[in-house]
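Each chain, written out:
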Amino acid sequence: MMLRLMMALQSAGAGDIPADFDLKKVQPAADASAIVVTAQRRNQRIERAPPPGTEPPLGKAEFRLFGQVKANVHAESQGFANGTTSQRVMVGIKLPF
């Protein structure tokens, strides 16, 4: 029942958007109390490119100890509500079974 209501509310005001619609051409409304909503038109997928000015992530520090046993070393950082930060180095061992 709730799903049907949500679907009905979403489709109530839906109309066809022209293919040549451009938000850059939208002019402010003459009425001061009018609300004009504009947004950037973009693909809904998550962008994979890192923000400019950031370094690429480091590779995984994993190495083989002996046989199928692997070890890895990584750093973790956790922020707390009071503003302090806990930083630690973790060592992990993977044993296949």
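Please read all numbers here as calculations on a predicted model, not as lab measurements. (Residues numbered from 1 in each chain as written. Predicted model: local features only at pLDDT ≥ 70, side-chain atom pairs only at ≥ 80, totals over all residues. Heavy atoms only, no water.)

1. Quick notes on the pattern of salt bridges
A full pass over the atoms with the stated rule returns 3 salt bridges. Across the pair E76 and R88 runs a salt bridge whose closest N-O atoms are separated by 3.3 Å. Taken together, the residues span a long stretch of sequence, with E76 in strand β2 (residues 69-79) and R88 in strand β3 (residues 85-94) at a distance of 12 residues. Looking at E76, the relative accessible area reads 31%, which means it is partly exposed. Residue R88 is classed as partly exposed on the basis of its relative accessible area of 33%. Residues participating in the shared-partner salt-bridge network are E62, K70 and K94. (Salt bridge = Lys/Arg side-chain N within 4 Å of Asp/Glu carboxyl O. Helix = DSSP H or I, 4+ residues; strand = E, 2+ residues; numbered from the N terminus. Buried < 20%, exposed > 50% of the residue type's maximum accessible area, 1.4 Å probe, protein only.)

2. Digging into the environment of G92
Within the element layout of this structure, G92 appears in strand β3. In this structure, the C-alpha to C-alpha distance between G92 and A71, residues 21 residues apart in sequence, is 5.5 Å. Every residue in contact with G92, bar those within four places of it in the chain, is listed here: K70, A71 and N72. (Contact = heavy atoms within 4.5 Å.)

3. Things to note about the environment of K94
When you line up the elements, K94 lands in strand β3. Judged by its relative accessible area of 41%, K94 falls in the partly exposed class. In this structure, K94 is in contact with K60, E62, Q68, V69, K70 and N72, ignoring residues within four places of it in sequence. For K94, the side chain forms a polar contact with the side chain of E62, separated by 3.3 Å. (Polar contact = N/O pair within 3.5 Å; in protein donor to acceptor, adjacent residues only side chain to side chain.)

4. Observations concerning the sheet that holds β2
Taken together, 3 strands build an open sheet; the order of strands is β1-β2-β3 and the sheet is antiparallel. The sheet is open, and its two borders are formed by β1 (62-66) and β3, each paired with just one other strand. Mean inter-strand twist for the sheet, computed between neighbouring axes without regard to direction, equals 25°. (Pairing = 2+ DSSP bridges. Axes fitted to C-alpha atoms, helices over the stretch in contact; angles between N-to-C directions.)

5. Regarding the pairing of β1
As defined by bridge partners, β1 adjoins β2 across 4 bridges and the pair is classed as antiparallel. The residue bridging F66 from the neighbouring strand is V69, located in β2.

6. Considering a nonpolar patch on the surface
On the surface, F63, L65, F66, V73, V89, V91, I93 and L95 cluster together into a nonpolar patch covering about 830 Å² of accessible area. When contributions to the nonpolar patch are tallied by element, the ones reaching two or more residues are β1 and β3. One can find V73 in strand β2. A relative accessible area of 35% places V73 in the partly exposed class. (Patch = residues over 30% accessible without salt bridge, like charges linked within 9 Å, V, L, I, M, F, W, Y side chains within 5 Å. Areas by Shrake-Rupley, 256 points an atom, 1.4 Å probe, with all protein chains shown as cover.)

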